[in-house]
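# A closer look at the structure
Residues per chain are reported as follows:
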Amino acid sequence: GGSFSLQAPSSSSNNRVFTLPDVADTTVATVNGITMHDVWQVTAQLSVSSGDNAITANWARADALNGVIGSAMTQSSGVFTFPSTGIYLITINGNYEESGSGGHNYAGFYLKKTTNNSSYTTASFGAANIAALGGGTFGFASASFTFDVTDVSTHKIRFHTIASGAGMTLAGSSSYNTFWAEFTRLGDT
């Protein structure tokens, strides 16, 4: 139940507190916590057509709006590259708007991955139903996936929209999160 502190010899302001289990013999693991979190937004409205369509334009890093930690993701034409190997939690979120009156059985996202920097497969899917209530009807969709990135040159992510018909928009903005992706490094691979 006792505690003690270790002080760095070069400064009295670097105090750290360590809590040890109350057992006779123990090994203390190194715990670094989350070392990387990055947020990207689509900054302009995106018209969504029917079918499966890659989101390739208007991506921008949202570091001024969100708390980010560590190295940034990079992207080219919607293909995201990881800054280091590790286990990553990836999430895409977006607000869809029905601009007509037909309604949609579904509107959402595919999160697609590659492990050979070439062929992409679906890793996650999320969608919402938007009722036929006329223009200005909104829905929210999200998809997430945990990716073991063992090689940053071959393991990449991209996002796709999916809708049951035309007449949909995604409300992009650079002022606040309305259509965004988050990348969090959870730990080592």
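The residue numbering used here restarts from 1 in each chain and proceeds along that chain's sequence as written. This being a predicted model, a pLDDT of at least 70 is required before a residue's local features are given, and a value of 80 or more before pairs of side-chain atoms are given or counted; all residues contribute to the totals for chains, interfaces and linings. Derived side-chain values reflect all non-hydrogen atoms in the structure, with water molecules and hydrogen atoms excluded from consideration.

Right, let's get into the overall build of the chain. A tally of helices and strands in the chain yields zero helices and 15 strands. Counting the 189 residues in the chain, one finds 37% classified as buried. Note on definitions: a residue-residue contact is assigned when non-hydrogen atoms from the two residues lie within 4.5 Å. Taking all contacts inside the chain whose residues are at least 6 apart in sequence as the whole, residues at least 24 apart take part in 74%. Only the protein chains shown count as covering a residue, and every accessible area follows the Shrake-Rupley method with a 1.4 Å probe. For the chain, the accessible surface area stands at approximately 9,900 Å², while carbon and sulfur atoms represent 48% of it. Secondary structure follows DSSP: runs of H or I at least 4 residues long count as helices, runs of E at least 2 residues long count as strands, and numbering of each begins at the N terminus. When a residue's accessible area, from a 1.4 Å probe over protein chains only, is under 20% of the maximum for its type it is buried; when over 50% it is exposed; and in between it is partly exposed.

Aromatic pairing here means that ring centres of Phe, Tyr or Trp (its six-membered ring) are within 6.5 Å. Orientation follows from the plane angle: under 30 degrees is stacked, over 60 is edge-to-face, and everything else is tilted. Taken as a whole, this structure holds 15 aromatic pairs when the rule is applied. Residues Trp59 and Phe80 carry aromatic rings whose centres are separated by 5.1 Å and whose planes lie at 90° to one another, so their mutual orientation is edge-to-face. Here Trp59 is found in strand β6 (residues 59-61), whereas its partner Phe80 is found in strand β8 (residues 79-81), with 21 residues between them in sequence. Each of the two residues, Trp59 as well as Phe80, counts as buried.

The next subject is the environment of Gly126. Note on placement: Gly126 falls in strand β11 (residues 121-130). Looking at Gly126, the relative accessible area reads 7%, which means it is buried. Placed 15 residues apart in sequence, Gly126 and Ala141 show a C-alpha to C-alpha distance of 5.9 Å. Excluding its chain neighbours within four sequence positions, the residues that come into contact with Gly126 are Gly108, Phe109, Ala141, Ser142 and Ala143.

Now for the confidence of the model for the chain. The quantity known as pLDDT measures the predictor's confidence residue by residue, on a range of 0 to 100. For the chain, the average pLDDT comes to 85, and 79% of its residues sit at 70 or higher. Mean pLDDT per element in the chain: strand β1 (residues 5-6) is the minimum at 58, and β8 is the maximum at 98.

Bringing the environment of Ala171 into the picture now. Mapped onto the secondary structure, Ala171 falls in the loop between β14 (168-170) and β15 (179-187). Sequence separation between Ala171 and Ala44 is 127 residues, and the spatial gap between their C-alpha atoms is 7.1 Å. Beyond its immediate stretch of four places on either side in the chain, Ala171 contacts Gln45, Asn95, Thr178 and Phe179.

Below, the discussion takes up the pairing of strand β13 (residues 156-163). In terms of residue burial, β13 counts as a mostly covered element, since seven of its eight residues are buried. Strand pairing requires that DSSP identify at least two bridges connecting the strands. As judged from the four bridges shared by strand β5 (residues 51-54) and β13, these two strands associate in the antiparallel manner. Counterpart to Asp52 in the pairing with β13 is Ile162. Taken together, the two bridges between β8 and β13 define a ladder with antiparallel strand orientation. Looking at the pairing, Phe80 lines up with Ile157 of β13. Looking at chain direction, strand β10 (residues 104-114) and β13 are connected through eight bridges and run antiparallel. Looking at the pairing, Gly108 lines up with Ile162 of β13.

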